[in-house]
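This is what each chain is made of:
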Amino acid sequence: MPQWLAARRRRCAQSAESIGALGIVTDVRDGEQVDAALAQTAAELGPVRILVNNAGGVFSSPLLETTENGWDALYRSNLRHVLLCTQRVARRLVADELPGSIINLTSIEGVRAAPGYAAYAAAKAGVINYTQTASYELAPNNIRVNAIAPDLTVTEGLLALSPDGLPAGIADAIPLGRAGRVDEIAGAAVFLASDLSSYITGQTIHVDGGTRAAGDWYRHPQTGEATLGPA
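For the structure given in this document, a descriptive report is provided here.

The rules behind each value
- Residues numbered from 1 in each chain as written.
- Predicted model: local features only at pLDDT ≥ 70, side-chain atom pairs only at ≥ 80, totals over all residues.
- Heavy atoms only, no water.
- Helix = DSSP H or I, 4+ residues; strand = E, 2+ residues; numbered from the N terminus.
- Buried < 20%, exposed > 50% of the residue type's maximum accessible area, 1.4 Å probe, protein only.
- Polar contact = N/O pair within 3.5 Å; in protein donor to acceptor, adjacent residues only side chain to side chain.
- Expected span 1.5 Å × (residues − 1).
- Arc of directions from axis to C-beta.
- Contact = heavy atoms within 4.5 Å.
- Axes fitted to C-alpha atoms, helices over the stretch in contact; angles between N-to-C directions.
- Parallel < 35°, antiparallel > 145°, perpendicular 65-115°, else oblique.
- Left-handed = near helix turned anticlockwise from the far one by under 90°.
- Nonpolar A, V, L, I, M, F, W, Y, C, P; charged D, E, K, R; others polar.
- Salt bridge = Lys/Arg side-chain N within 4 Å of Asp/Glu carboxyl O.
- Pairing = 2+ DSSP bridges.
- Disulfide = S-S within 2.5 Å.
- Core = buried A, V, L, I, M, F, W, Y, C linked by side-chain atoms within 4.5 Å.

## A few points about the side chain of N104
Move 1: In this structure, N104 sits in strand β2 (residues 100–105).
Move 2: Among the residues examined, N104 registers a relative accessible area of 0% and is labelled buried.
Move 3: A distance of 2.9 Å separates a polar atom in the side chain of N104 from a polar atom in the side chain of T131.

Put into structure tokens, the structure is as follows:
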């Protein structure tokens, strides 16, 4: 077994044990592994009625330099698994005549230009449209499908890239003036998973500190004045 896979399984087992959960290391880009994980989960915990599609990955891929392999890798990491996991869970819910809530993680980059990240942004935009279409197709079965679109969020991966802290000014374009926290994204997911959102489907909720609403407006870092476009 590769060392990285063994380490990942150890972390998964430790995390699951710490919260009393079932942890299964799965490549969600692989339909057979998704099927196996879903079967094990249903056997040990019962029907899966809440699904959060939270896998993803990104690397720089300028438009004129993006290779076919690079495009495929970003599609598989950010969009393919949304189809595979949603489809498998929804099939079981429909067969069992059970309601459900499916939550897809997309990004602010799915609704705006993302220079240098065209393939990633296209995949995230695909998640948004897939959410809308899936919500319509599954509505007669009382299965809701929504999406969450964060902006800059402090994750373990981001901190690994910036061990000395986030660069100064990185959140200047965010109206609330700071990066988001993981628990703030998780809170939106809990809301969408619960009956508090029982009449919400097909929506993309921007948990982004106001970025989407602001458009190109931002507060000038020196004057604090509302500024449109370049300073």
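## Quick look at helix α6 (residues 182–193)
Move 1: Taking 1.5 Å per residue, 12 residues should reach 16 Å; α6 reaches 16 Å between its end C-alpha atoms and fits that length.
Move 2: Among all positions of α6, only I185, A188, A189 and L192 are buried. Along the axis of α6, the buried positions cluster into a sector of 100°, meaning they face one direction only.
Move 3: Turning to α6, the residues buried within the fold contact β2, β3 (143–150), β4 (153–154), β5 (180–181) and β6 (204–207).

## A word on the environment of V34
Move 1: Its location among the elements puts V34 in helix α2 (residues 31–45).
Move 2: Those residues in contact with V34 that lie beyond four places of it in its chain are T26, D27, V28, L84, C85 and R88.

## Comments concerning the packing of α2 against helix α3 (residues 68–96)
Helices that pack against each other are described as a pair by the angle of their axes relative to one another and the distance between those axes.
Move 1: One can describe the packing of α2 onto α3 by two numbers: an axis separation of 10 Å at closest approach and a directional angle of 40°. One element, α2, and the other, α3, form an angle in the oblique class. Here α2 runs over α3; the crossing is right-handed. Touching G31, V34, D35, L38, A39 and A42 of α2 are L84, C85, R88, V89 and R92, all from α3.
Move 2: Here the residues of the contact of α2 with α3 sort into 7 nonpolar, 1 polar and 3 charged.

## Focus: the pattern of salt bridges
Move 1: For the structure on display, the rule yields 7 salt bridges.
Move 2: Its salt-bridge partner being D183, residue R181 comes within 3.1 Å of it at the nearest N-O pair.
Move 3: Taking relative accessible area as the criterion, D183 reaches 46% and is therefore assigned partly exposed.
Move 4: Three or more residues are tied together by salt bridges with common partners; here these are R178, R181, D183 and E184.

## Some details on the pairing of β2
Move 1: The buried fraction of β2 is high, at 6 of 6 residues.
Move 2: Side chains G100, I102 and N104 of β2 all project onto a buried face; the interleaved residues S101, I103 and L105 project onto the opposite face, where all are buried too.
Move 3: Sheet topology note: the strand β1 (residues 50–53)/β2 ladder contains 4 bridges and is parallel. The residue of β2 that forms the bridge with I50 is S101.
Move 4: Both β2 and β3 contribute to a ladder of 6 bridges, which runs parallel. In the strand pairing of β3, I103 is matched with N146.

## Some words on the state of the cysteines
Linking two cysteines covalently through their sulfur atoms gives a disulfide.
Move 1: One pass over the structure, following the stated rule, counts 0 disulfides.
Move 2: Free of any disulfide, C12 has its nearest neighbouring cysteine sulfur in C85, separated by 14 Å.

## Comments concerning the nonpolar core
Move 1: Grouped together as the largest cluster of nonpolar side chains are 14 residues, with contacts concentrated most on L51, V89, I102, L138, I143 and V145.
Move 2: Listed by contribution, the elements that provide at least two residues to this core are α2, α3, α4 (118–138) and β3.
Move 3: Here this core takes 5 residues from α3, the largest share from any one element.
Move 4: Apart from residues lying up to four places away in sequence, V145 is in contact with I102, N104, T131, A134, S135, L138, T201, G202 and Q203.
Move 5: With 7 residues, the next largest nonpolar core counts I103, I185, A188 and L192 among its residues.

## Quick word on the environment of G229
Move 1: Mapped onto the fold, G229 is located in the segment after β8 (226–228).
Move 2: Judged by relative accessible area, which is 23%, G229 ranks as partly exposed.
Move 3: For G229 and W217, which are 12 residues apart along the polypeptide, the C-alpha to C-alpha distance reads 6.6 Å.
Move 4: Look past the residues within four positions of G229 in its chain and what remains in contact with it is D216 and Y218.

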